[in-house]
Amino acid sequence: MSKKQAKDKNKKQEIDKDTLVKREITRLTNLFKDIDKNKRLTAKGLIEEAAYMRITLQELKKEIDKNGPIDVMPQGEYSIIREHPALKSYNTMVQRYTNIIDKLTNLHPKEDVKKEIDDGFEDFIANKP
């Protein structure tokens, strides 16, 4: 296999960001399909933002893994060691992503807690002679 063929194969395997975001939107939409009709427009916007953020967080994580959490920034004759900009963005975005997921979860209908019907069995056992 030539270098060009190998490069083309890698491009085919690499999925573009828009496709990944659309897949995540579909996944989240399925998770939150039971949201009340009146709240769906709000949920739709939150789902789209959450999907974009999740894919971006994955990109930032790859960047951090590749370059490390520390960045050396040249300043003339000396250098400054600082937090990598991707890590800073990741930390900020992960908090916002968590907030959006929390808001979506709060839009989800609360599960009805069904009360157990007392069939009298416990009383029967407790009062057995």
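Up top you'll find the structure we're talking about.
First things first, this report covers the structure right here in the doc. Source: prediction; values computed, not measured.

Calculation notes
Residues numbered from 1 in each chain as written. Predicted model: local features only at pLDDT ≥ 70, side-chain atom pairs only at ≥ 80, totals over all residues. Heavy atoms only, no water. Axes fitted to C-alpha atoms, helices over the stretch in contact; angles between N-to-C directions. Helix = DSSP H or I, 4+ residues; strand = E, 2+ residues; numbered from the N terminus. Parallel < 35°, antiparallel > 145°, perpendicular 65-115°, else oblique. Left-handed = near helix turned anticlockwise from the far one by under 90°. Nonpolar A, V, L, I, M, F, W, Y, C, P; charged D, E, K, R; others polar. Core = buried A, V, L, I, M, F, W, Y, C linked by side-chain atoms within 4.5 Å. Buried < 20%, exposed > 50% of the residue type's maximum accessible area, 1.4 Å probe, protein only. Contact = heavy atoms within 4.5 Å. Expected span 1.5 Å × (residues − 1).

Another point: the packing of helix α3 (residues 40-67) against helix α4 (residues 85-107). At their nearest, the axes of α3 and α4 sit 9 Å apart, and the two run at 150 degrees to each other. Classified by the angle their axes make, α3 and α4 are roughly antiparallel. Helix-helix and strand crossings are classified by hand; for α3 and α4 the assignment is left-handed. Of the residues in the contact of α3 with α4, the class split is 18 nonpolar, 3 polar and 6 charged.

Here we come to the nonpolar core. One finds Leu28, Phe32, Ile35, Ile100, Leu104 and Leu107 to be the most contacted residues of the largest nonpolar core, which totals 22 residues. Secondary-structure elements contributing two or more residues to this core are α2 (17-31), α3 and α4. Of the residues forming this core, the biggest block, 10 residues, is contributed by α3. Once residues lying within four places of it in the same chain are set aside, the contact partners of Leu28 are Ile47, Ala50, Ala51 and Ile101.

In this section: the environment of Asn99. With respect to the element layout, Asn99 can be found in helix α4. Judged by its relative accessible area of 46%, Asn99 is partly exposed. Each C-alpha atom of the pair Asn99 and Ala50 lies 9.4 Å from the other, and the pair is 49 residues apart in sequence.

To continue, consider α4. With 23 residues, α4 should cover 33 Å at 1.5 Å per step; its first-to-last C-alpha distance of 33 Å lies within 8% of that length. Where the residues of α4 are buried, they touch α2, α3 and β2 (78-83).

Mapped onto the fold, His84 is located in the loop between β2 and α4. Sequence-distant contacts of His84, defined by excluding residues within four places in its chain, comprise Glu63, Asn67, Gly68, Pro69, Ile70 and Asp71.

Where α2 contacts α3, the two axes come as close as 8 Å, and the packing angle between them is 130 degrees. In this view, α2 runs oblique relative to α3, as classed from their interaxial angle. α3 is crossed by α2, and the crossing has right-handed handedness. In this structure, α2 contributes Lys17, Leu20, Val21, Glu24, Ile25, Arg27, Leu28 and Thr29 to the contact, and α3 contributes Ile47, Glu48, Ala50, Ala51, Tyr52, Arg54, Ile55, Thr56 and Glu59. Residue composition of the contact of α2 with α3, by class: 9 nonpolar, 2 polar and 6 charged.

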